[in-house]
Amino acid sequence: MIPGQFEYHAPSTLDEALALLAEHGSDARVLAGGQSLIPLMKLRLASPAVLVDLNGVDSLSGIEESDGQLRIGAMTRHSALERSELIASRYPLIADAAAVIADPLVRNRGTTGGSLAHADPAGDLGSVMTALGAEVGVAGPGGARTLSIDELLLGPFMTTLDEGEILTEVRVPQPEAGSGGAYEKLERKVGDFATAAVAVQITRANGSCSAAGIGLTAVGPTTIRASEAEDALTGSSLDDDALRAAADLAAAASDPAADLRGSEEYKRDMVRVLTLRALRRAVERAGG
Amino acid sequence: MTQIEVTVNGAAQQIDVEPRLLLVHLIREDLQLTGTHIGCDTTHCGACTVLLDGVPVKSCTVFAVQANGSEVTTVEGLEQDGALHPVQQGFTEEHGLQCGFCTPGMMLTSVALLEQNQDPSEDEVRQAISGNLCRCTGYVNIVKSVQHAGRVIREG
């Protein structure tokens, strides 16, 4: 399969990339890792007239903690997250997810920012960043702005990024003491989209849950925040009854569609099971 | 057309490409290196795996123009001065292939693994090759082949 023709630009700075997007308007699309966009172009489901390739913009890659936040550059490869000692030691939810996105070859190209900007409801990082309460940095013709992950993800393959804007980085609050997270994904085989997956992040303070984030992957038209489950957990003692109650609420928040991977009922029940497993692991990781 | 400079198996090349040309087509059609296979064309199978600056990627999911300034290694580049690469020796000794279609991609992924880890466990091999599908072997002999190659490399 051969993609349609397009004009190709490979800027080396963010400013050049923004200028190219401004010049070409709605004809242009940003190329990040290309592991979703290039397959779509081969199937002619996407036929952008102009591609602005960010792979040469080195300033968009990197993983660091500063000012109380973990900052992940938009062009950071999934494999870099997977191998990062900082991620492994402090952000177990991200580490869990980075090891199960697509397959190792795709992870060598695919990027954090590309994944979020693509806004696939089956994208793993959407629910991970939802659970973590992340925000994204955006650069555009009107200057820089910040969006919460909930503000960014609008619907299936839709974000609130405006024409000409580039998602530049993801910022995750540094975990407080007593925090833990986990990602549980059910997939038929490596590389398939999730049948269902659940991201959870909890914080325990003085014996009770002071904060909880739960994001659901591939069980609705977009990434879902299980708000009622989060609210039920917050203030609870995080005992097994509380986790089970939250898992039931997460399942109720899911809105899966039947496909080859399973029926609605099956997927909803898998959300319950995966939420419970993820919560148990998160609590264990939080310690105390 | 855009002119790119790409080093393939150690040989620098200047080639004019259409931006939409996929790296796998550059390799197979322009350079006539047909050891790189196309298995699915939908980014699932890993048969087209090559090393791009040492990193295994699916060459059906990278544009040739993106390889500008980079080094590409295909299966043809593994043999050096008539001697098989340890990974090729491993696949020979441990019968790591049946039909052979996935083998070039499997071997390039394995080369990259062994660069990082010369003594991978079975689990580590299986993780590393999980993006490369094999429909014949059941993977058992592929795992043995990669571990054999690791031994060859370790023993120098």
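Please read these numbers as outputs of a predicted model, since none were measured by experiment.

A.B. asks: So what's going on with the overall build of chain B? Residues and values would help.
C.D. replies: Across its full length, chain B carries five helices and five strands. The C-alpha radius of gyration computed for chain B amounts to 15 Å, which stays within 12% of the reference 15 Å derived for 156 residues, consistent with globular compactness. Taking the intrachain contacts of chain B between residues at least 6 apart in sequence as the baseline, contacts between residues at least 24 apart amount to 56%. Carbon and sulfur atoms provide 43% of the accessible area of chain B, an area that totals close to 6,900 Å².

A.B. asks: Could you give me a rundown of the pairing of strand E7 (residues 143-148) of chain A, with the residues and numbers involved?
C.D. replies: All names here are of chain A. Direction of pairing for strand E6 (residues 135-140) relative to E7: antiparallel, over a ladder of six bridges. Bridging from a neighbouring strand, Val138 pairs with Arg145 of E7. Linking E6 to E7, which pair antiparallel, is a turn of two residues.

A.B. asks: Give a description of the environment of Ala144 of chain A that names residues and reports values.
C.D. replies: Residues and elements named next belong to chain A. Examined against the element boundaries, Ala144 turns out to sit in strand E7. Residue classification places Ala144 among the exposed positions, given a relative accessible area of 73%. Residues Ala144 and Leu167, spaced 23 residues apart in sequence, show a C-alpha to C-alpha distance of 9.7 Å.

A.B. asks: Tell me about the sheet that holds strand E2 (residues 28-31) of chain A, residues and numbers included.
C.D. replies: Residues and elements named next belong to chain A. The three strands lie next to each other as E1-E3-E2, forming an open sheet whose pairing is parallel. Taken across any chain shown, the strands that pair with only one partner, and hence form the sheet edges, are strand E1 (7-9) and E2. The sheet shows a mean angle of 25° between the axes of neighbouring strands, direction not considered. Here E1 runs beside strand E3 (residues 50-53); their pairing, made up of three bridges, is parallel. Its bridge partner lying in E3, Tyr8 is registered against Leu51. Packed on one face of the sheet, helix H1 (residues 14-24) meets E1, E2 and E3 and runs near 170° to E3.

A.B. asks: Please provide a residue-by-residue account of a nonpolar patch on the surface, values included.
C.D. replies: Together, Met1, Leu43 and Leu45 of chain A make up a nonpolar patch on the protein surface, roughly 300 Å² of accessible area in all. Within the secondary structure, Leu45 of chain A is located in the loop between helix H2 (37-42) and E3.

A.B. asks: So what's going on with the nonpolar core? Residues and values would help.
C.D. replies: One recurring pattern in soluble globular proteins is that nonpolar side chains are buried together. Residue and element names in this part refer to chain A. Counting 37 residues, the largest nonpolar core has Ile94, Leu116, Val128, Met129, Leu152, Val170 and Val172 as its most contacted members. Of all the secondary-structure elements, those providing two or more residues to this core are strand E5 (69-73), helix H5 (92-98), helix H8 (124-132), E6, helix H9 (149-152), strand E10 (166-173) and strand E12 (196-205). No other element matches the five residues that H8 contributes to this core. In this structure, this core is formed jointly by two domains, domain 2 (62-173) and domain 3 (179-282), each of which donates at least three residues. Contact partners of Leu116, with chain neighbours within four places excluded, come to Leu125, Gly126, Met129, Val136, Ile149, Leu152, Leu153, Thr159, Leu167 and Val170.

A.B. asks: Requested: an account of the domain arrangement of chain A, with residues and values cited.
C.D. replies: All names here are of chain A. Split into domains, chain A comes out as domain 1 (7-53), domain 2 (62-173) and domain 3 (179-282). Using only C-alpha atoms to locate each centre, domain 1 and domain 2 end up separated by 19 Å. The partner domain 2 presents 15 residues to the twelve residues of domain 1 that form the contact. Surface buried jointly by domain 1 and domain 2 totals about 1,000 Å² across both partners, of which 75% is contributed by carbon and sulfur atoms.

A.B. asks: An account of the environment of Asp124 of chain A is needed here, citing residue identities and associated values.
C.D. replies: All names here are of chain A. Tracing the chain through its elements places Asp124 in helix H8. Its relative accessible area of 5% is what places Asp124 among the buried residues. Along the primary structure Asp124 and Ser47 are separated by 77 residues, whereas in three dimensions their C-alpha atoms are 25 Å apart. Non-local contacts of Asp124, meaning those with residues more than four positions away in its chain, are made with Val100, Ile101, Tyr183, Lys185 and Thr217.

A.B. asks: Describe the pairing of E6 of chain A, and please don't skip the residues or the numbers.
C.D. replies: All names here are of chain A. Among the six residues of E6, five are classified as buried, and the element is accordingly described as predominantly covered. Bridging between E6 and E10 involves five bridges; their strand directions are antiparallel. Its bridge partner being in E10, Glu135 is matched across the sheet by Arg171.

Rules used throughout
- Residues numbered from 1 in each chain as written.
- Chains lettered and ligands numbered in written order.
- Predicted model: local features only at pLDDT ≥ 70, side-chain atom pairs only at ≥ 80, totals over all residues.
- Heavy atoms only, no water.
- Helix = DSSP H or I, 4+ residues; strand = E, 2+ residues; numbered from the N terminus.
- Rg over C-alpha atoms; globule rule 2.2 N^0.38 Å.
- Contact = heavy atoms within 4.5 Å.
- Areas by Shrake-Rupley, 256 points an atom, 1.4 Å probe, with all protein chains shown as cover.
- Pairing = 2+ DSSP bridges.
- Buried < 20%, exposed > 50% of the residue type's maximum accessible area, 1.4 Å probe, protein only.
- Axes fitted to C-alpha atoms, helices over the stretch in contact; angles between N-to-C directions.
- Patch = residues over 30% accessible without salt bridge, like charges linked within 9 Å, V, L, I, M, F, W, Y side chains within 5 Å.
- Salt bridge = Lys/Arg side-chain N within 4 Å of Asp/Glu carboxyl O.
- Core = buried A, V, L, I, M, F, W, Y, C linked by side-chain atoms within 4.5 Å.
- Domains from an automatic or database assignment.
- Buried area = accessible area lost by both parts, 1.4 Å probe.

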